[in-house]
Amino acid sequence: MAGGGILGGGRSSWGYGHPAAARQIGGRWWQQEVKRRERWLVGLGIVLHAVYMLSIFDIYFKTPIVHGMDPVPQRFSPPAKRLVLLVADGLRADKFFEPDSDGRFRAPFLRSVIKEKGRWGISHARPPTESRPGHVSIIAGFYEDPSAVTKGWKANPVEFDSVFNRSRHTFAFGSPDIIPIFCRSVPHSTWATYPHEYEDFASDASFLDQWSFDQFHSLLNRSRNDPKLRQLLLQDKLVIFLHLLGCDTNGHAHRPYSSIYLSNVKVVDKIAEDVYNLLENYFNDNQTAYIFTADHGMSDKGSHGDGHPSNTDTPLVAWGAGIKNPGWLISDSLSDDGFRFVDEHKHDMPTPTEWGLRGIERVDVNQADLAPLMATIVGLPCPVNSVGNLPLGYLSLNKAEEVEAVFANTKQILNQFLQKSRLKQLSSLYFRPYKPLANFSSFLDQIEDLIAAREYKAALKTCHILRAMSLEGLHYFQTYDWLMLMATIILGYIGWMMNLTLHVLQSYTFLGNIFLKKTQESSLRITKKNVYLGGCLLMSLLSVILYLENSPLLYHAYISVTVFLWTQILSKLQLLNAIWKELSARNFILNMKLLSVLVMSFIILEFLVASFFNRKLYTWFFLMAGILAALHLFFIASGRHIMALYLWSSCWFLSIFTLMPAEVPDKNPLVVASGGLIVLIGMASRWIQSSSRGDNFKLYIVQMSEQRSQFHKLFLVQASLVVVSSLMVWLSTSHRALKKELLPMHQLINWSIAVVSMILPLFSPPSILSRLTSIFLGFAPPFLLLSIGYEAVFYSALALVLMGWILLECVNLYSAECQGPLHVRNLEDNPTDGGYNARYLQLSDIRIPLVFMVLFNIAFFGTGNFASIASFEISSVYRFITIFSPFLMAALLIFKLFIPFLLVICVFSAISKLIRVPRLGCYFIVIIFSDLMTIHFFFLVRNTGSWMEIGNSISHFGLMSAQVVFVLLLLALTSIYTKDIEVPSQKLSWGKAT
């Protein structure tokens, strides 16, 4: 290994063996100063990451909804007095339009409407394709409010306008999860819902649709004897909404290709026919418009939420007053005009032949376009928060009315832009307007002039241009603060990483010796005072500006933390100058070596980021790592071919697991068999210890003891507990298979084995191999008892690779000693690293935190996706508890997930002692690398897509941000087992870099 510091230089001009320098660095005052600084850094890191984690909610998840706009009334007579909206929840477009296996279509009435008296198309939903955002899109005209994440996606956190609000009266019947969202706060509404208990996944849920129709039918019957109710029904601007949940419930329970789901399609078609006949007979005035659609589709697996066409494509059929008659196509040839719907599907996609509708004109829309369509039909102002585009292809209007309708739709969107602009201008000292709409009034005047001149085509074109610019302006103000916030957060992370880097260089490399001398200079103290004073003034100035702009309190926190971090950096100009001089004084080759190590580190970190989205990358990584490790061992330790073969095979063995499904299938025989594998690994470790006498290489990890018989008994006890836990896995599984209750005695035995086995490693020998083997055997029983499939084998595979890492470090250490002495200066009696005689960090030591991060992440994703605990089976805890107890079950499940991490941390601590690197120094390098990944995940946070995609992007960012606490807690926890691990006490010497 290189004899220089972490910057990668050779012998320093200050001399590695200089006794005065060694005493000064290792002095008590310096140790106390390092400990104080590290406590401060850890505390600062916790605060910083907690504050910066909240920043994504100010950047990505601010509500787009604004209030205070005036509605835009229609300037022409509406074509209909009332509107009927039928929403078949969870109805896929293909299952609605395609025929049965016998060639009969499932929706004969609505097909007759399409062919004889209405318009049809596909309504394209935008992810998340869920019921609440889908209905909000249809009825209110805007897509999922990203701030709903703060409500767990269960509600819209901000009040919004809707077609129901604007109606004279609304009648609504259906699900208790949907109807109250729109009607609870609408005084001019009459609504009813069935109890939640009706939503039974074990039965045919089509009766829920019939319930909604029966309630409406009963209402009409009552109106014949209730003059007040009849008067409500005879009003204009009336909206009738029937929510039909059957397809959604049956799709979840039985899948969308099941006979129950397909039969439900016939049910909703029959309800549409009955509603049509009922109302036409009741009113008999041809003043009713009908719209039939769905909020989202259904995947083949019986789920929804993402952007797959089976979820985003929903049927749309409209007929009645104000709706055009069918249009007939002369040619089926369609060209791609470049337009994309909100689900990224192309415009004018060809209609599938099996639908039997190729000759009839199809008008596709975005789901939010339905709100302005419904409002225009009955003469209502468009909902003020709508971003939908009025689909003229459905409306039977003359040219003048078409232009007036589109103009009203455009002004409604423009009003949102103007309100956002006004609110931002009121709170900004320096306002940056959206320049393309600086003279928006000229557009309005131009459109009015074109309408007056009856130049309707030009007026429509200008309306579309103004609408598009208004939507761009809305996006501009929605992201108005992004540049400032993102720059602040990124600068903060960079400042934090630079502070950590300077601390590592100052405390764990030879550069600390220089800085220690500089701290006694009075000029340095004066410089620090000036920097701190400047930082306080800048922080105060920025806080005043934010206060005058009425910025949220968190904005003050972001700015303050960032300014504080950079103030700390600038206060260390002397150290920065020393680093620069050291780099400048070195030759080109050494600087290129430093650059190459940094580039390779960055590539590995980017690989780790990519692995969050594709865990199979670890398979390729360990396949290559196995080959490279074996070749490295083969060349530097010739004669140890078995060890090289072991490294290769263990890496290849571990590479298998990331090819397996994240949802661990039940394979309890594999769990039982893995108990035997664990015992065999323990026996192999015992054999290595017994055969180590006379082998200087093995003595690095094996310590001979006079109490071998006592430790042999401990091994037998631990191996026995592993065997017993395997038997209990088989016994508990057998009881469940026979539908028998798990006896309290069985649970008591399982709990006893788990607890006792984790205590026994504390009594094992303090040599590296003995202690780590004991830890491996100690955590095996609880892990086996919490396993249901291949993850039990993964535990052994991970342990084999960890053992390979130790062997590789031993080979490097042994090879360096054999090549001749080059003394490395120590951090003498460093109490911050467990009391062992740690040395200075070198450039080659970066491999330790890098390997640690790879293994730590394979522990995350080796058997699933730790970012979502839901990807792990709850049945894992059934051998400890069968009565539902969410907190205890969650605690057991999380403990199971932590066990592989504990193994990795224990090996990391052992290796840091073995090669005498400061463990906390490596910890800070791990945090630096983690925050580089955090910055990448910061830019990958999503506020669109399915709830799962959005949630995963947040959890990825959150997990990396939490590393500063997570890793430190695990280090503290595992120190119980690793603090007394002993390494060879002889004076080590080091050869050239390997």
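Computed from a predicted structure; not experimentally measured.

Enquirer: Describe the overall build of the protein, listing the residues and the values that go with them.
Expert: Helices and strands together make up the secondary structure of the protein, namely 34 helices and eight strands. Counting across all 994 residues of the protein, residues that qualify as buried make up 58%. Look at the contacts in the protein between residues 6 or more apart in sequence, and 80% of them connect residues 24 or more apart. Counting every atom, the protein has about 41,500 Å² of accessible surface; 62% of that belongs to carbon and sulfur.

Enquirer: So what's going on with the nonpolar core? Residues and values would help.
Expert: With 154 residues, the main nonpolar core has Trp496, Phe852 and Phe856 as its most contacted residues. For this core, the element with the most residues is helix H29 (residues 791–818), which contributes 18 residues. Among the nonpolar cores identified, the runner-up in size contains 67 residues, and Leu83, Ile178, Ile451 and Leu466 belong to it.

Enquirer: A description of the packing of helix H22 (residues 588–611) against helix H32 (residues 919–940) should follow, citing residues and the corresponding values.
Expert: H32 packs onto H22 with a crossing angle of 50° between their chain directions and a minimal axis gap of 10 Å. The angle between H22 and H32 places the two elements in the oblique class. In this structure, H22 meets H32 at a crossing whose hand is right-handed. In this structure, H22 contributes Ser601, Leu605, Glu606, Leu608 and Val609 to the contact, and H32 contributes Phe929, Leu932, Met933, His936, Phe937 and Leu940. A class-by-class count of the residues in the contact of H22 with H32 yields eight nonpolar, two polar and one charged.

Enquirer: Talk me through the sheet that holds strand E7 (residues 313–320); I want residue IDs and the actual numbers.
Expert: Sheet architecture is open: eight strands sit in the order E4-E3-E5-E1-E6-E7-E2-E8, paired in mixed fashion. At either margin of the open sheet sits one strand with a lone partner, and together these are strand E4 (189–193) and strand E8 (365–366). Bridging between strand E6 (residues 288–293) and E7 involves five bridges; their strand directions are antiparallel. Residue Ala289 lies in a different strand from E7, and its bridge partner there is Gly320. Strand contacts of helix H8 (residues 206–223): strand E3 (169–174), E4 and strand E5 (238–244), with the helix running at about 140° to E3, the strand carrying the most contacts.

Enquirer: An account of the packing of aromatic side chains is requested, with residue identities and associated values reported.
Expert: Summed over the entire model, instances satisfying the criterion amount to 60 aromatic pairs. Ring geometry for Phe96 against Phe97: centres 4.9 Å apart, planes inclined by 80°, an arrangement best described as edge-to-face. With relative accessibility at 0%, the residue Phe97 sits in the buried group. Among the aromatic residues, ring-to-ring pairing joins Phe57, Tyr60, Phe61, Trp482, Phe938, Phe939 and Phe957 into one connected group. Over the ring of Phe105 we find Arg111, and its NZ or CZ is 3.4 Å from the ring centre. Its guanidinium or amino end placed over the ring of Phe407, Lys411 lies 4.5 Å from that ring's centre, counting from NZ or CZ.

Enquirer: Residues and numbers for the packing of helix H27 (residues 744–759) against helix H28 (residues 768–785), please.
Expert: Interhelical geometry of H27 versus H28 gives an angle of 150° and a closest axis separation of 7 Å. Relative to H28, the element H27 is oriented roughly antiparallel. Helix-helix and strand crossings are classified by hand; for H27 and H28 the assignment is left-handed. Here H27 contributes Asn750, Ile753, Ala754, Ser757 and Met758 to the contact with H28, which in turn contributes Gly778, Phe779, Pro781, Pro782 and Leu785.

Enquirer: Tell me what's going on with the pattern of salt bridges, and back it up with residues and numbers.
Expert: Pairs can form between side chains of opposite charge once their charged atoms are near each other. Per the stated rule, a full pass over the model turns up 22 salt bridges. A salt bridge links Glu98 to Lys95; the nearest nitrogen and oxygen atoms lie 3.4 Å apart. Just as Glu98 is buried, Lys95 falls in that class too. The partner of Arg106 in a salt bridge is Asp100, with the nearest N and O atoms 2.5 Å apart. Residues Arg106 and Asp100 agree in their burial class; the two are buried. Linked by salt bridges that have partners in common, Lys95, Glu98, Asp100, Arg106 and Lys266 make up one network.

Enquirer: How would you summarise helix H13 (residues 370–377) if you had to cite specific residues and measurements?
Expert: Burial runs high along H13: eight of the eight residues are buried. For H13, every residue scored as buried is listed here: Leu370, Ala371, Pro372, Leu373, Met374, Ala375, Thr376 and Ile377.

Enquirer: Give a detailed account of the pairing of strand E2 (residues 118–124), specifying residues and quantitative values.
Expert: With respect to burial, E2 is a largely interior element, seven of its seven residues being buried. Looking at chain direction, E2 and E7 are connected through seven bridges and run antiparallel. In the strand pairing of E7, Gly118 is matched with Trp319. Alignment of E2 against E8, held across two bridges, turns out to be parallel. In the sheet register, Ser123 faces E8, and the bridge partner there is Val365.

Enquirer: Please set out H8 residue by residue, giving values where relevant.
Expert: Compared with an ideal rise of 1.5 Å per residue, which puts 18 residues at 26 Å, H8 spans 27 Å between its outermost C-alpha atoms and is within 8% of the ideal. All of the buried residues along H8 are Ser206, Leu208, Asp209, Trp211, Ser212, Phe213, Phe216, Leu219, Leu220 and Ser223. Turning to H8, the residues buried within the fold contact E3, E4, helix H9 (227–233), E5, helix H10 (246–254) and helix H11 (259–283).

Enquirer: If you had to explain the environment of Lys117 to someone new, which residues and values would you point to?
Expert: The topology assignment puts Lys117 in the loop between helix H4 (108–116) and E2. Given the relative accessible area of 28%, Lys117 is considered partly exposed. Separated by 202 residues in sequence, Lys117 and Trp319 place their C-alpha atoms 6.2 Å apart. Separated by 3.3 Å, the side chains of Lys117 and Tyr276 make a polar contact.

Enquirer: Got a sec to walk through the side chain of Thr479? Specific residues and values, please.
Expert: Inspection of the secondary structure puts Thr479 in the loop between helix H16 (456–478) and helix H17 (482–508). In this structure Thr479 comes out as buried when scored by relative accessible area, which is 18%. In terms of polar contacts, Thr479 uses its side chain to reach the backbone carbonyl oxygen of Tyr476, at 3.4 Å.

Enquirer: Go over a nonpolar patch on the surface, please, and point to the residues and values.
Expert: Residues Trp620, Met624, Ile627, Leu628, Leu631, Phe634, Phe635, Leu645, Trp648 and Trp652 make up a contiguous nonpolar surface patch of roughly 1,100 Å² in combined accessible area. Among the elements of the structure, helix H23 (617–636) and helix H24 (641–655) are those that each provide at least two residues to the nonpolar patch. Top contributing element to the nonpolar patch by residue count: H23, with seven residues. Structurally, the position occupied by Leu631 is in helix H23.

Enquirer: Could you give me a rundown of the confidence of the model for the protein, with the residues and numbers involved?
Expert: Per-residue pLDDT for the protein has a mean of 85; in total, 85% of the residues score no lower than 70. Helix H1 (residues 19–26) is the least confidently modelled element of the protein, averaging 41 in pLDDT, while E6 averages 98, the highest of any element. Low pLDDT, under 50, characterises residues 828–832; the predicted model gives this stretch 16 contacts beyond four residues in sequence or across chains.

Enquirer: Describe unusual backbone geometry, listing the residues and the values that go with them.
Expert: A cis amide bond, omega 5°, links Pro127 with the succeeding residue Pro128. Within the element layout of this structure, Pro128 appears in the loop between E2 and helix H5 (131–140). Backbone geometry places Arg255, a non-glycine residue, at a positive phi of 80°. Tracing the chain through its elements places Arg255 in the loop between H10 and H11.

Enquirer: For the environment of Pro71, give the residues involved together with the corresponding values.
Expert: Within the secondary structure, Pro71 is located in the loop between helix H2 (28–59) and strand E1 (82–88). When the C-alpha positions of Pro71 and Leu380 are compared, they lie 9.3 Å apart, and in sequence the two are 309 residues distant. Discounting residues that sit within four places of it in the chain, Pro71 has contacts with Arg166, Pro381 and Val384.

Enquirer: Go over the environment of Thr249, please, and point to the residues and values.
Expert: Its location among the elements puts Thr249 in helix H10. Here Thr249 falls in the buried class, since its relative accessible area comes to 3%. Once the C-alpha coordinates of Thr249 and Ala205 are considered, the two residues, 44 residues apart in sequence, prove to be 6.2 Å apart. Leave out the neighbours within four places in its chain, and Thr249 touches Asp200, Phe201, Ala205 and Leu208.

What counts, and where the lines are drawn
- Residues numbered from 1 in each chain as written.
- Predicted model: local features only at pLDDT ≥ 70, side-chain atom pairs only at ≥ 80, totals over all residues.
- Heavy atoms only, no water.
- Helix = DSSP H or I, 4+ residues; strand = E, 2+ residues; numbered from the N terminus.
- Buried < 20%, exposed > 50% of the residue type's maximum accessible area, 1.4 Å probe, protein only.
- Contact = heavy atoms within 4.5 Å.
- Areas by Shrake-Rupley, 256 points an atom, 1.4 Å probe, with all protein chains shown as cover.
- Core = buried A, V, L, I, M, F, W, Y, C linked by side-chain atoms within 4.5 Å.
- Axes fitted to C-alpha atoms, helices over the stretch in contact; angles between N-to-C directions.
- Parallel < 35°, antiparallel > 145°, perpendicular 65-115°, else oblique.
- Left-handed = near helix turned anticlockwise from the far one by under 90°.
- Nonpolar A, V, L, I, M, F, W, Y, C, P; charged D, E, K, R; others polar.
- Pairing = 2+ DSSP bridges.
- Phe/Tyr/Trp six-rings, centres within 6.5 Å; stacked < 30°, edge-to-face > 60°.
- Lys NZ or Arg CZ within 6 Å of the ring centre and 35° of its normal.
- Salt bridge = Lys/Arg side-chain N within 4 Å of Asp/Glu carboxyl O.
- Expected span 1.5 Å × (residues − 1).
- Polar contact = N/O pair within 3.5 Å; in protein donor to acceptor, adjacent residues only side chain to side chain.
- Patch = residues over 30% accessible without salt bridge, like charges linked within 9 Å, V, L, I, M, F, W, Y side chains within 5 Å.
- pLDDT = per-residue confidence, 0-100.

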